[in-house]
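# Residue-level structure breakdown
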Amino acid sequence: MPTPPLSEAMMQEAVEAVAKYGSVSAAARALNLPRGTLASRYERAKVAEEDFEVAPLPSPDVPVDDLIERLTADYARKREHAERSRLVTVNIRRDGPIGLLVFGDPHLGSPHTNWPALKRDVELTQRTEALYGTNIGDTGDNWSGKLAHLWAGMGVSHSQEKQLSEWFLRNVNWLLWLSGNHDAWSGSGDLLPWLSRQIGVLHSEWEQRIALQFPNGREVRIGCYHGAKGYSLFNPGHGVLRTAKLGPPDHLVCAGHTHVSWVQGPIGLDDTGEWGWGLQVGSYKDIADMFGKRARGEREQNLFPSAVVIIDPYATSPAGLIRIFLDTTEGAEYLNSLRRRWKKAA
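Not measured: the values here are computed from a predicted model.

For the rest of this paragraph, the subject is the environment of L100. Inspection of the secondary structure puts L100 in strand β2 (residues 98-103). For the pair L100 and I311, spaced 211 residues apart in sequence, the C-alpha separation works out to 8.0 Å. The residues touching L100, leaving out its near neighbours within four places in the chain, are L131, Y132, T134, L175, I222, A307, V308, V309 and I311.

Following this line, the structure appears as structure tokens:
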């Protein structure tokens, strides 16, 4: 137990005893106290008799009870967010077939990024009805720490890359925006998550599962990952295939990160009779730099930086629910044709 505070009466008793008996030792014997105890009281009493007194200061810290109450409320809020983030419901208000243009790693500030292809895909989302964007992450190179010296050879500054990122965010009708490892290097200084919330774009770090709820009652589940866990020498899309087979029963699993391209499927979803697909998109950064060199004799795997996924909630068979187009222009044209046919039949 803590030592009880020393009262003024105890200190006064010590001073009077020492004065009466002539020494600390004699006073201690007279009061039947250990010498150390009486000596401590006597010294404390003498300090209290100094010529000045410092006014006590209030503690700058939050009272511990208030701190515990705040931490409890913080945990409850974060737990609710974590639980509800596992599968976010997205209500699709536009009836009929829709399309998702899945953008592979953009790396907007890199001199090795294919801007003609990127601009083409941005424009496709702008002029194609019901075609929405999904950013798989690594929006910029965002060099930091020991890699910050690489800005010298970029051709754009860090500030200019942020300009490009904001342009990208504002010029596509996004269904989902992921942050990848390059984006995470900004730490708490990354403004894109904050800006995403301001303009109403669903943003997540690294991964997000969504459940698309269509007006006709159809649900389509999509798992988006900046990078899917797993590697195989013989299958560049092994991580996506592993997630599709062993993870939640989603109709589409898509990922990026490794700058390789692959399509997997169809994959049976449990015993439901539904099909799932795996999509590994590459990167718009399609000229190899020091971080993208292939081993000698290794084949190019960054085959397509993006893809269009057509979702038809009125499909009558698993084969018609999801179609993947590796040529995004062809995918957009098919979506236009499919919606025209649906409108005529509606």
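From this point, the discussion proceeds with the structure in view.
Attention shifts here to the sheet that holds strand β8 (residues 252-255). Two orientations exist for strands paired in a sheet by backbone hydrogen bonds: parallel and antiparallel. The strand order across the open sheet formed by 6 strands is β1-β6-β7-β8-β10-β9, and the pairing between neighbours is mixed. Of all the strands in the sheet, just β1 (88-91) and β9 (262-268) have a single pairing partner and so form its edges. With strand direction ignored, the average angle separating the axes of adjacent strands in the sheet is 20°. Pairing between β1 and strand β6 (residues 207-213): 4 bridges, direction parallel. Looking at β6, one finds that V90 is bridged to L212. Across the sheet, helix α9 (residues 238-246) touches β7 (219-225), β8, β9 and β10 (275-280), and the angle it forms with β9 is around 20°.

What follows covers the sheet that holds β2. Strand order across the open sheet formed by 6 strands is β5-β4-β3-β2-β11-β12, with mixed pairing between neighbours. What marks the edges here is a single partner per strand, and that holds for β5 (203-205) and β12 (322-325). Each adjacent strand pair in this sheet contributes to an overall mean axis angle of 20°, direction not counted. Relative to β5, strand β4 (residues 174-179) runs parallel, the two being bridged by 3 bridges. Counted as the bridge partner of W177 is H203 from β5. Lying on the sheet, helix α5 (residues 115-127) is in contact with β2, β3 (131-135) and β11 (306-311); it crosses β2 at an angle near 155°. Relative to the sheet, helix α11 (residues 328-345) contacts β2, β3, β11 and β12, its axis offset from that of β11 by approximately 15°.

What counts, and at which threshold
- Residues numbered from 1 in each chain as written.
- Predicted model: local features only at pLDDT ≥ 70, side-chain atom pairs only at ≥ 80, totals over all residues.
- Heavy atoms only, no water.
- Helix = DSSP H or I, 4+ residues; strand = E, 2+ residues; numbered from the N terminus.
- Contact = heavy atoms within 4.5 Å.
- Pairing = 2+ DSSP bridges.
- Axes fitted to C-alpha atoms, helices over the stretch in contact; angles between N-to-C directions.

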